[in-house]
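Here's the letter readout for the chains.
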2 protein chains.
Amino acid sequence: MTTHTDTLAELRASGHRITPQRQIVLEVVENSAEHLDTEAVYQRAHEKDRNISLATVYRTLAILKDEGLIEQRYLARDHAREHYEPVGAPEHYHFTCLDCHQVIEFQSPRVNQMRAELEAELGLLILQACLCLEGYCQSCAAKRAAARP
Amino acid sequence: MTTHTDTLAELRASGHRITPQRQIVLEVVENSAEHLDTEAVYQRAHEKDRNISLATVYRTLAILKDEGLIEQRYLARDHAREHYEPVGAPEHYHFTCLDCHQVIEFQSPRVNQMRAELEAELGLLILQACLCLEGYCQSCAAKRAAARP
DNA sequence: TTCATTGCAAAATTTTTGCATACGA
DNA sequence: TCGTATGCAAAAATTTTGCAATGAA
């Protein structure tokens, strides 16, 4: 398990300076249960430091992501927006219903299986896997089938 | 294999009108080998109809996507931008190297396996699967390992 | 001290929307 | 004819960037 301190050390080791702003952004991502997009990270960071700027949050998230210190996830419902979470969070992906818009989180061993296969076959080092599914949930699929026989 | 005419019929059946602009947008997506983002679709559509507007392209792509008549794909390299392609294109996903930025296309039976499992277990109807991987390709991974022993 | 980092504001980019007009069915 | 769809232009939403001042190492 990577700790906050470890992550800061890695950040420094990769040639970046440790600033209060960066510590705050990291804390926010590490301590949130949900996936936060950039705006949400900014809002929470802003509560801790009234002077932090949105530009700094953008820049910091980009650095942390580039260094592999946080992960990005995309929700299908709002795919264009990146959501961040700490590395090491339990693996899960998202299915979004196109009709009722509920998000169903799921796990599947197939993803890691595939990652391992690709790494072995193609020699890749896979750091991030983005997987999101869209379609209709059970009840909405049933409704649509009934509406259009 | 769904034909252009079939797709238009489905579009009409779902309550939308067939306009020259919509036909052009559909043709562009169907006839392009690459994945086009909205701007690229607009550019190609614009060559065929100098008066077509970007707003119409946005609106048309949204409709076609909502109706499941085209699919969206996301490339990890440029994840925030949607890329469209016709339904029924051969399954493939993307890995992007964070260093040299090359995009490696790959296939994996694990995806369909997972889709089938999820549909069976959760009763979902999965229409779109977005999967993109990021990390380092074989040579870039080797370089990084050498640079930071 | 030195240079990476910051905040601010402006710019750039991308997408959406209001509305009068045009046109498909 | 009737109401959807369009083009335009303006607005909204999101992200990036220039620059002088600040502050981490």
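This is a predicted model, so every value here is computed, not measured.

Another point: the protein's contact with DNA strand C. Near DNA strand C lie 19 residues; those nearest to it are Gln21, Arg22, Thr56 and Arg59 of chain A together with Tyr58 of chain B. Here glutamine 21 of chain A contributes a side-chain N or O atom positioned 2.7 Å from a sugar or linking oxygen of DNA strand C. Contact distances for DNA strand C include 3.0 Å between a phosphate oxygen and a backbone N or O atom of isoleucine 18 of chain B. Broken down by secondary-structure element, the contributors of at least two residues to the surface near DNA strand C are helix 2 (20-30) and helix 4 (54-66) of chain A together with helix 4 (54-66) of chain B. Sort the elements by how many residues they give to the surface near DNA strand C and helix 4 of chain B lands first, with four residues. The residue makeup of the surface near DNA strand C, split by class, is six nonpolar, six polar and seven charged.

Paired through backbone hydrogen bonds, the strands of a sheet run either parallel or antiparallel to each other. The strand order 5(A)-4(A)-6(A)-6(B)-4(B)-5(B) describes an open sheet built from six strands, whose pairing is mixed. In the strand order of this sheet, the two ends are held by strand 5 (103-106) of chain A together with strand 5 (103-106) of chain B, each with one partner. Going from strand to strand, the sheet's axes swing by 20° on average, the running direction of each strand aside. Of the pairings in the sheet, the one linking strand 6 (residues 125-136) of chain A to strand 6 (residues 125-136) of chain B comprises eleven bridges and is antiparallel in character. Looking at strand 6 of chain B, one finds that cysteine 130 of chain A is bridged to cysteine 132 of chain B. Strands strand 6 of chain A together with strand 4 (93-97) and strand 6 of chain B of the sheet are contacted by helix 6 (residues 138-147) of chain B, whose axis makes an angle of about 40° with strand 6 of chain B.

Overlaying chain B on chain A yields an RMSD of 0.1 Å, the required transformation being a rotation through 180° with an accompanying axial translation of 0.0 Å. Such values leave the two copies arranged in the relation of a two-fold axis. Comparing contact sets, 100% of the residues at the interface of chain B also lie at the interface in chain A, consistent with an isologous, same-surface contact.

Glancing now at the protein's contact with DNA strand D. Close to DNA strand D lie 20 residues; Tyr58 of chain A together with Arg17, Gln21, Arg22 and Thr56 of chain B are nearest. By atom count, sugar and phosphate contribute 68% of the portion of DNA strand D lying within 4 Å of the protein. Going through the elements one at a time, helix 4 of chain A together with helix 2 (20-30) and helix 4 of chain B are the ones with two or more residues in the surface near DNA strand D. Sort the elements by how many residues they give to the surface near DNA strand D and helix 4 of chain A lands first, with four residues. Looking at the surface near DNA strand D, its residues break down into seven nonpolar, six polar and seven charged.

Each value, and the rule that gives it
Residues numbered from 1 in each chain as written. Chains lettered and ligands numbered in written order. Predicted model: local features only at pLDDT ≥ 70, side-chain atom pairs only at ≥ 80, totals over all residues. Heavy atoms only, no water. Near = heavy atom within 4 Å. Polar contact = N/O pair within 3.5 Å; in protein donor to acceptor, adjacent residues only side chain to side chain. Helix = DSSP H or I, 4+ residues; strand = E, 2+ residues; numbered from the N terminus. Nonpolar A, V, L, I, M, F, W, Y, C, P; charged D, E, K, R; others polar. Pairing = 2+ DSSP bridges. Axes fitted to C-alpha atoms, helices over the stretch in contact; angles between N-to-C directions. Contact = heavy atoms within 4.5 Å. Least-squares fit on C-alpha atoms with pLDDT ≥ 70 in both.

By themselves, these are just geometric observations and shouldn't be taken as functional.
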